[in-house]
Amino acid sequence: MQEDQPAPETSPGQTNVTGPRIIAAIIDIVVVALLFAVLGLLLGDSETSDGSVSLSLTGLPALIFFVLALAYYIVPEAMTGKTLGKVVMGLKVVKIDGSDYTWGNAAMRNLLRIVDALPVLYLLGFIVV
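So, how was this worked out
- Residues take numbers from 1 onward in each chain, read along the sequence in its written order.
- Note on the predicted model: pLDDT of at least 70 is required for a residue's local features to be given, and 80 or more for side-chain atom pairs to be given and counted; whole-chain, interface and lining totals, by contrast, use all residues.
- Side-chain measures were taken over the full set of non-hydrogen atoms in the model, leaving aside hydrogen atoms and water.
- Note on conventions: DSSP H or I runs of at least 4 residues are helices, E runs of at least 2 residues are strands, and numbering of each starts at the N terminus.
- Any two residues having at least one pair of non-hydrogen atoms within 4.5 Å are treated as being in contact.
- Note on terminology: a nonpolar core comprises buried Ala, Val, Leu, Ile, Met, Phe, Trp, Tyr and Cys residues joined through side-chain atoms within 4.5 Å.
- Only protein chains enter the accessibility calculation, which uses a 1.4 Å probe. A residue is then buried if its area is under 20% of the maximum for its type, exposed if over 50%, and partly exposed in between.
- By the criterion applied in these results, polar contacts are pairs of N or O atoms within 3.5 Å in which, for protein atoms, one can donate a hydrogen and the other can accept it, and in which residues neighboring in sequence qualify only through two side-chain atoms.
- What a helix should span is 1.5 Å times the count of its residues minus one.
- Between any two strands, pairing holds if DSSP finds at least two bridges.

A. Fine view of the environment of A106. Turning to its location among the elements, A106 is positioned in helix α4 (residues 103-117). Placed 33 residues apart in sequence, A106 and Y73 show a C-alpha to C-alpha distance of 7.9 Å. Discounting residues that sit within four places of it in the chain, A106 has contacts with I74, E77, A78 and Y101.

Written out as structure tokens, the structure is:
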């Protein structure tokens, strides 16, 4: 019978990537914000006044945005381990043993992103890091 071994403190080849992870997250947030802006202009309610723009999505357009935003993270992480932000910063999401992510891993990680983003955009995750 094999004893359970404690997980290593770092994965093989892991280095301090806090800075690049933050920059990658900012890039990804900008991509999702652009998606919101495009959908807001095409499908949502938009209003301009005094040089400012107000966009809102409700109902089906909001649901479409939510699904596309989740897909932006889940699909590329499941297929390559990388979103656009991670590509730019040279990062990749892998399991603790260094193996590639599965569709289930990517889905779970990114569904939990919803909780992490509340109540203030990724503040909890930033504090934990």
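B. Region of the structure containing the nonpolar core. One finds V32, L39, L57, F65, A69, Y72 and Y73 forming the largest nonpolar core, which totals 7 residues. Listed by contribution, the elements that provide at least two residues to this core are α1 (18-43) and α2 (59-79). Looking at this core, the element that brings in the most residues is α2, giving 4 residues. Sequence-distant contacts of F65, defined by excluding residues within four places in its chain, comprise V32, L35, F36, L39 and L57.

C. Structural context of the side chain of E77. The residue E77 is located in helix α2 in this model. Here K86 takes part through its side chain, which lies 3.0 Å from a polar atom of the side chain of E77. Polar contacts involving the side chain of E77 include one to the side chain of R109, which spans 3.1 Å. When residues no more than four places from it in sequence are discounted, the contact partners of E77 are K82, T83, K86, V93, Y101, A106, R109, N110 and R113.

D. Molecular detail of α1. For α1, built from 26 residues, the straight-helix expectation of 38 Å at 1.5 Å per residue is met to within 8% by its first-to-last C-alpha distance of 37 Å. Those residues of α1 that fall on the buried side of the exposure criterion are A24, D28, V32, L39 and G40. Contacts made by the buried residues of α1 are with β1 (45-49), β2 (52-56), α2 and α3 (84-89).

E. Structural detail: the pairing of β2. Bridge analysis of β1 against β2 gives 5 bridges, and the strand direction is antiparallel. Bridging from a neighbouring strand, T48 pairs with V53 of β2. Between the end of β1 and the start of β2, which pair antiparallel, lie 2 residues, with D50 showing a positive phi angle near 50°.

Nothing here speaks to function; it is all geometry.
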